[in-house]
Amino acid sequence: QQPVQSPQAVILREGEDAVINCSSSKALYSVHWYRQKHGEAPVFLMILLKGGEQKGHDKISASFNEKKQQSSLYLTASQLSYSGTYFCGTENARGNQFYFGTGTSLTVIP
Amino acid sequence: DTAVSQTPKYLVTQMGNDKSIKCEQNLGHDTMYWYKQDSKKFLKIMFSYNNKELIINETVPNRFSPKSPDKAHLNLHINSLELGDSAVYFCASSPLRTDEAFFGQGTRLTVV
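Numbering of residues starts from 1 in each chain and follows the order in which that chain's sequence is written. Here chains are named by letter from A upward and ligands by number from 1 upward, in the order in which they appear as written. Reporting of local features is limited, given that this is a predicted model, to residues whose pLDDT is at least 70; pairs of side-chain atoms are given and counted only at 80 or more, and all residues count toward the totals for whole chains, interfaces and linings. Based on all heavy atoms of the structure, the side-chain values leave hydrogens and waters out of the count.

So, on to the overall build of chain B. Secondary structure summary: chain B contains zero helices and eleven strands in total. For this measure, only C-alpha atoms enter the radius of gyration; the expected value for a globule follows 2.2 Å times N^0.38, where N is the number of residues. Scaling as 2.2 N^0.38, a compact globule of 112 residues should have a C-alpha radius of gyration of about 13 Å, and chain B matches this with 13 Å. C-alpha extents for chain B along the principal axes are approximately 35 × 30 × 25 Å. Partly exposed describes any residue whose relative accessible area lies between the buried limit of under 20% and the exposed limit of over 50%, with all areas from a 1.4 Å probe on protein chains only and scaled to the type maximum. Put simply, chain B has 112 residues, and 45% of those count as buried. Residue contacts are defined here by distance: any two heavy atoms, one from each residue, within 4.5 Å place the two residues in contact. Taking contacts inside chain B between residues at least 6 apart in sequence as the whole, the part at least 24 apart equals 55%. Carbon and sulfur atoms make up 49% of the accessible area of chain B, which totals about 5700 Å². The positive count covers Lys and Arg only, the negative count covers Asp and Glu only, and His and the chain ends enter neither. To locate a charge, take NZ of a lysine, CZ of an arginine, CG of an aspartate or CD of a glutamate. Seen as two clouds, the 13 positive and the 12 negative side-chain charges of chain B have centres 6 Å apart. By the criteria applied, helices consist of DSSP H or I runs no shorter than four residues and strands consist of E runs no shorter than two, each listed in order from the N terminus. Here the Shrake-Rupley method, with its probe set to 1.4 Å, supplies the accessible areas, and only the displayed protein chains count as covering residues.

Structure below.
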């Protein structure tokens with residue numbers, strides 16, 4: 001039931017783009033994205049709801065394919081501050097099942 | 001002002017003990033959560049709670065229980081602590097279940 005994220009890890013140079021994928025085997029109502037830096041709490045990035053509504057930061061974009069139960073997070077023109085571990089979180093319609101993905105470690109180098 | 005605060009930040013205790021972690025939010029949010037992050041960095045939601053409903057992750061042992069004296073607080077009580085309970089526990093809050101969640105700084109629990 002835990003969503004699978006890919007890739008597991010990625011290294012980018014500043015300015016490069018990256019895509020992080022999240023795939024679930026269950027029907028989804030919403031997908032949440034978080035970034036966590038080492039030793040810190042997760043920070044909310046975006047939430048995507050079934051039906052197309054999105055809430056999040058302007059500089060982050062993501063997609064949610066409800067039929068495929070997949071979501072992708074798009075990081076463009078990466079900055080050093082983007083480094084961290086990215087987690088997706090998936091939720092069912094009733095809200096009684098929420099699972100975090102396996103995590104993607106992203107490192108941006110100068 | 002800290003939006004979501006947890007105490008203590010670190011907690012070391014012996015197996016079998018009972019302990020509590022406190023969480024307070026001053027954001028006026030209706031929903032609060034407890035999460036567990038293990039040594040492999042896997043995150044798991046344990047509970048979500050608003051003033052109407054408690055949703056429990058079915059995999060959470062009943063030794064763990066959330067207590068909410070009021071809307072701004074959601075404390076986590078753990079009975080008969082086990083070695084496997086060692087982890088970082090995060091509290092969070094959000095206006096609604098489908099809104100941005102704000103996290104506390106975490107409590108590192110070590111059971112020896």
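The structure having been displayed, the exposition proceeds.
Attention now goes to the sheet that holds strand E8 (residues 70–75) of chain A. Residues and elements named next belong to chain A. At least two bridges found by DSSP between two strands is the condition for calling them paired. Ordered in space as E1-E3-E8-E7, the four strands form an open sheet in which the pairing is antiparallel. If you trace the sheet from one side to the other, it starts and ends with strand E1 (4–6) and strand E7 (61–65), each paired once. Neighbour-to-neighbour, the strand axes of this sheet turn through a mean angle of 15 degrees, independent of strand direction. Where strand E3 (residues 18–23) meets E8, six bridges bridge the pair, whose relative direction is antiparallel. Looking at E8, one finds that isoleucine 20 is bridged to leucine 73. Structural elements are reduced to axes, namely lines fitted to C-alpha atoms, with helices fitted over the stretch in contact, and the angle between N-to-C directions of any two is expressed from 0 to 180 degrees.

Right, let's get into the confidence of the model for chain A. Each residue gets a pLDDT score, which is the predictor's confidence in that residue and runs from 0 to 100. Residues of chain A with pLDDT of at least 70 account for 99%, and the chain-wide mean is 91. Between the elements of chain A, mean pLDDT differs from a low of 76, seen in strand E6 (residues 54–56) of chain A, to a high of 97, seen in strand E11 (residues 104–109) of chain A.

Aromatic rings from Phe, Tyr and Trp, taking only the six-membered ring of Trp, are treated as a pair when their centres fall within 6.5 Å; an angle between ring planes under 30 degrees marks them as stacked, one over 60 as edge-to-face, and anything in between as tilted. Applying the stated criterion across every chain yields a total of ten aromatic pairs over all chains. Measuring from ring centre to ring centre gives 5.6 Å for Tyr34(A) and Phe103(B), while their planes differ by 85 degrees; the resulting arrangement is edge-to-face. You can see Tyr34(A) sitting in strand E4 (residues 30–36) and its partner Phe103(B) sitting in strand E10 (residues 102–103), one on each of two chains. There is no split in this pair, since Tyr34(A) and Phe103(B) are both buried. With a centroid separation of 5.1 Å and 75 degrees between ring planes, the pair formed by Phe98(A) and Phe100(A) is classed as edge-to-face.

Judged by nonpolar contacts, the single largest core of 21 residues is most densely connected at Trp33(A), Leu73(A), Leu75(A), Tyr86(A) and Leu106(A). Mapped by element, the contributors of at least two residues to this core are strand E2 (9–13), E3, E4, strand E5 (43–49), E7, E8, strand E9 (84–91) and E11 of chain A. Put simply, a nonpolar core is a bunch of buried Ala, Val, Leu, Ile, Met, Phe, Trp, Tyr and Cys residues held in one set by side-chain atoms that sit within 4.5 Å of each other. Among the nonpolar cores identified, the runner-up in size contains 19 residues, and Leu11(B), Phe47(B), Ala87(B) and Cys91(B) belong to it.

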